[in-house]
Every structure is written in C-alpha cells, then in structure tokens.
Amino acid sequence: MSTQDDAPDSPAESHLSQQNCHVALTHGPLNLQTITDLIRSPQAGAIVIFAGTTRDTFDAKPVSHLSYSAYHPLALRTMLAIAADLARAHGLQGIAMVHRLGAVPVGEESIVIAVSAAHRQAAWRAGEAALEACKARVEVWKREEFAAGGGVWRANRDGVAGEREA
Amino acid sequence: MTPKPPKGHCNILYFASAGSYTSKNVEALPAPLPLSKLFGLLEERYHGIRAGVLDHSLVTINLTYVDVPGAGEEGAEEIVIQEGDEVAIIPPVSSG
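Each chain has its residues counted from 1, running along the sequence as written. Whichever chain is written first is A, and whichever ligand is written first is 1; the rest continue in order. Given that the model is predicted, a residue must reach a pLDDT of at least 70 before its local features are reported, and side-chain atom pairs must reach 80 or more before they are shown or counted; all residues, however, enter totals for whole chains, interfaces and linings. Here the side-chain values reflect all heavy atoms present in the structure, with hydrogen atoms and water set aside.

*Asks:* Quick rundown of the layout of surface pockets? Include the residues and the values.
*Replies:* Residues and elements named next belong to chain A. Taken as a whole, the largest pocket holds about 250 Å³ of empty space. Lining the largest pocket are 16 residues, with Glu13, Ala24, Ile35, Leu38 and Val98 positioned closest to its centre. Helix and strand assignments follow DSSP, with helices taken as H or I runs no shorter than four residues and strands as E runs no shorter than two, numbered in order from the N terminus. Sorting the residues of the lining of the largest pocket by element identifies strand E1 (13–18), strand E2 (21–26), helix H1 (32–37) and strand E6 (94–100) as the ones contributing at least two each. Of the residues belonging to the lining of the largest pocket, the class tally is 9 nonpolar, 6 polar and 1 charged. The definitions used throughout rest on a 1 Å grid laid over the protein atoms alone, on which a cavity is an enclosed set of points accommodating a 1.4 Å probe that cannot get out and a pocket is an open set flanked by protein within 12 Å on both sides along at least five of seven lines; lining residues are those having an atom within 4 Å of a point. Grid points are joined across faces, edges and corners, and a volume is the space filled by probe spheres set on the points. Residues are grouped as follows: Ala, Val, Leu, Ile, Met, Phe, Trp, Tyr, Cys and Pro are nonpolar; Asp, Glu, Lys and Arg are charged; all remaining types, including Gly, are polar.

Set out below in structure tokens:
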C-alpha cells in the first residue's frame, strides 16, 4: 500500500454524528446493513441506499485497484455539513454517508449513502443530491492503479486524469 | 496524527497530486509567512509545482478555505500564516 494511504491523519475509522446525520471514514469494507440501520425510523416510509463501487477500467486501461486518501477532519466536517443541509431541505428522518479509504479492490463499495424519509420522493432526491455534493466537495482523493504499473490521481471536476506518474 | 510543527514553524499538508509532487505528506515551513508568498516559496523548493498542482488547488488554514492572492497582487487585508497553523494544499477532489 502506498504511503498516501497512511497519512497525514489516518485512524482506522473516524466518524461524526449530529442529530439524525451520520458520516464516517473507514479503512475496512463497507457494510450496507450496518449503515442502513443508522437511519432506520418508524416515521420513515422509504429508505434509499446508494452504493458506489470501483470500476475496472479508466480510459480503457485495466485498473488493478483504487486507493483513496482523505484530509480526515475536513472531509468529515464537509460530509456532515452536506448531510445536515439535505436533512433540513428534504425533511429527512435520517442520513448516513460513509466513505472507504485505503486500497479498495475492484467491484467493492467505496461509498455508501443511505437516507430515510416519510415518502419515497424526498428519499430519492436527497440520495442523489448527497452523492453529487460529496463528489464535488468532500476532501477525498482517488488514485487508480493500473494493472500495467503506474497510476493516476483522478479529479471529479473534469472527469479527466490528473497528474500522470511513471 | 500530524506532529506539531517546531517553534517558529507551520505545518503544510500535501494531499493527492501535491503529495506525489513533493514526495511527502507534511513538512514544517518557517512562520509567520504571508499567504501571498506561499506558492512562490513552494515553487522554489519544488520546481514546476505551481503550474502542475498549485494553480488547480485550493488552500486551507486550520480547516478553513482561504483565497490565495495571485502573483504580485496586493490583498487589501493580507492573510499571514502563523506559527503553529495547519495549512493544506487541496487538489481537485475525487471521492465516490
């Protein structure tokens, strides 16, 4: 595993919660059931769960695995702000967002977002908005390691490769 | 956790492409340091980092985003990085 996975601040798991909003960063595999249970509510008529998984190619080049690093305290703070804004705007019963860090094998979840609401429309909309806001703002970085060697930092903003390395 | 910077220094954190460019995740720089001088100082140490990384990156001081004045630009109220501050170079993010 590259040194980027380990620093500058990388506890195995860190989380923040505030009322019905839960956000976390973890180095282990994501558990859909556990994350969903955080936002279960008898007032909810709908739970929407989004799981983002790692793809095996970039620009048709085979990718062996992805690795994510984060500015832990800032990423958690940004995630919680996004969650709280959406909970308020959509009247959610609960929202949970968890991002995995370190090496993530192809095909496994790198992010899980679960939202609960009284009715399905609010849950769908808030779930989508949460993912888009995360991708635009949360201080987490993805590096794609190519099967042929080398790798590249991705940028969500433009969908293109960042700096290329040997 | 990041170690505290030595007396008279701030910490600067390098994430993603910034870390690849400098081959480190954190280093201590002498402080106080006017924010407007930061990119020039880093360019002296890591030739090409301005065009390759910094021009596309954001900067935080103690977890708050700040506007970095352009080259030769005099800010009305200049921000000065203080001893003990945690500064971070934030390249374009790619979560998800």
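Past the structure itself, the notes keep going.
*Asks:* Which residues make up the confidence of the model for chain A, and what values do they have?
*Replies:* Residues and elements named next belong to chain A. Per-residue confidence for chain A gives a mean pLDDT of 89; residues scoring 70 or more make up 88%. Across residues 1–8 the pLDDT falls below 50, and counting only partners more than four positions away or on other chains, this stretch makes 20 contacts in the model. The quantity called pLDDT is the predictor's confidence in a given residue, expressed from 0 to 100. Note on contacts: a residue pair is in contact if any heavy atoms of the two residues lie within 4.5 Å. A low-confidence stretch, residues 160–166 stays under pLDDT 50, and its non-local contacts, those more than four residues away or across chains, total 22 contacts.

*Asks:* Go over the UniProt feature "binding site: substrate" (unreviewed entry) in chain A, please, and point to the residues and values.
*Replies:* UniProt positions are given in the numbering used here, feature names are shortened, and annotations may be inferred rather than shown by experiment. In this structure's numbering, the residues bearing the UniProt feature "binding site: substrate" (unreviewed entry) are His119(A), Arg120(A), Lys135(A), Lys142(A), Arg143(A) and Glu144(A). For the residues just named, distributed over 26 residues, the greatest C-alpha separation reaches 37.9 Å, placing them at more than one site. Along the polypeptide, Lys135(A) turns up in helix H3 (residues 120–137). The rule is simple: take the accessible area with a 1.4 Å probe, protein chains only, and divide by the maximum for that residue type; under 20% is buried, over 50% is exposed, in between is partly exposed. Its relative accessible area of 26% is what places Lys135(A) among the partly exposed residues. The contacts of Lys135(A), once residues within four sequence positions are left out, are Asn156(A), Val93(B), Ser95(B) and Gly96(B).

*Asks:* Account for the sheet that holds strand E5 (residues 64–66) of chain B, with residues named and values stated.
*Replies:* Two modes of strand pairing occur in sheets, parallel and antiparallel, and in both the strands are linked by backbone hydrogen bonds. Residue and element names in this part refer to chain B. Strands pair, by our definition, only if DSSP identifies at least two bridges between them. Spatial strand order, E2-E1-E7-E4-E5: 5 strands in an open sheet with mixed pairing. Looking along the sheet, the strands with just one partner apiece sit at the ends: strand E2 (26–30) and E5. Between one strand axis and the next, the sheet turns by 30° as a mean value, whatever way the strands run. Across 4 bridges, the pairing between strand E4 (residues 58–61) and strand E7 (residues 86–90) is antiparallel. Bridge assignment links isoleucine 61 to a residue of E7, and that residue is valine 87. Helix axes are fitted to C-alpha atoms over the stretch in contact, other axes to C-alpha atoms as well, and angles between N-to-C directions run from 0 to 180 degrees. Against the sheet, helix H2 (residues 38–45) touches strand E1 (9–14), E2, E4 and E7, its axis set at about 115° to E2.

*Asks:* Quick one: what's the story with the interface of chain A and chain B, residue by residue and with numbers?
*Replies:* On the chain B side, the residues contacting the 30 residues of chain A number 23 residues. Accessible area, probed at 1.4 Å, shrinks when two parts are joined; the buried area is that loss added up over both. In this assembly, chain A packs against chain B so that about 2400 Å² is buried in total across both faces, 54% of it on carbon and sulfur atoms. Criterion for a salt bridge: a side-chain nitrogen of Lys or Arg within 4 Å of a carboxyl oxygen of Asp or Glu. Counting every contact that joins chain A to chain B gives 0 salt bridges. For this analysis, a polar contact is any N or O atom pair within 3.5 Å, provided that within protein one partner can donate a hydrogen and the other can accept it, and provided that sequence-adjacent residues contribute only side-chain to side-chain pairs. Counting the contacts that link chain A with chain B gives 15 residue pairs in polar contact (both at pLDDT 80 or more). When residues of the side of chain A that touches chain B are traced back to their parent elements, those giving at least two are strand E5 (61–70), helix H2 (72–90), strand E8 (109–117), H3, strand E9 (140–146), strand E10 (151–154) and strand E11 (161–165) of chain A. Among the elements that make up the side of chain A that touches chain B, the one with the highest residue count is H3(A) (4 residues). Each residue belonging to the side of chain A that touches chain B can be placed in one class, and the counts come to 15 nonpolar, 5 polar and 10 charged.

*Asks:* Describe H3(A), listing the residues and the values that go with them.
*Replies:* Residue and element names in this part refer to chain A. With 18 residues, H3 ought to run about 26 Å at 1.5 Å a step, and its terminal C-alpha atoms sit 26 Å apart, in line with that. When H3 is considered as a whole, its buried residues turn out to be Ala122, Ala123, Ala126, Gly127, Ala130, Leu131, Ala133 and Cys134. Seen end-on, H3 carries its buried residues on one side only, within an arc spanning 165°. Facing away from the buried side of H3, by more than 90 degrees, are the exposed residues Trp124, Arg125, Glu128 and Ala136. Residues of H3 that are buried sit in contact with strand E3 (46–53), H2, E6 and E8. What a helix is expected to span follows from its residue count: subtract one and scale by 1.5 Å. Summarising the geometry, the arc corresponds to the directions from the helix axis toward the C-beta atoms.

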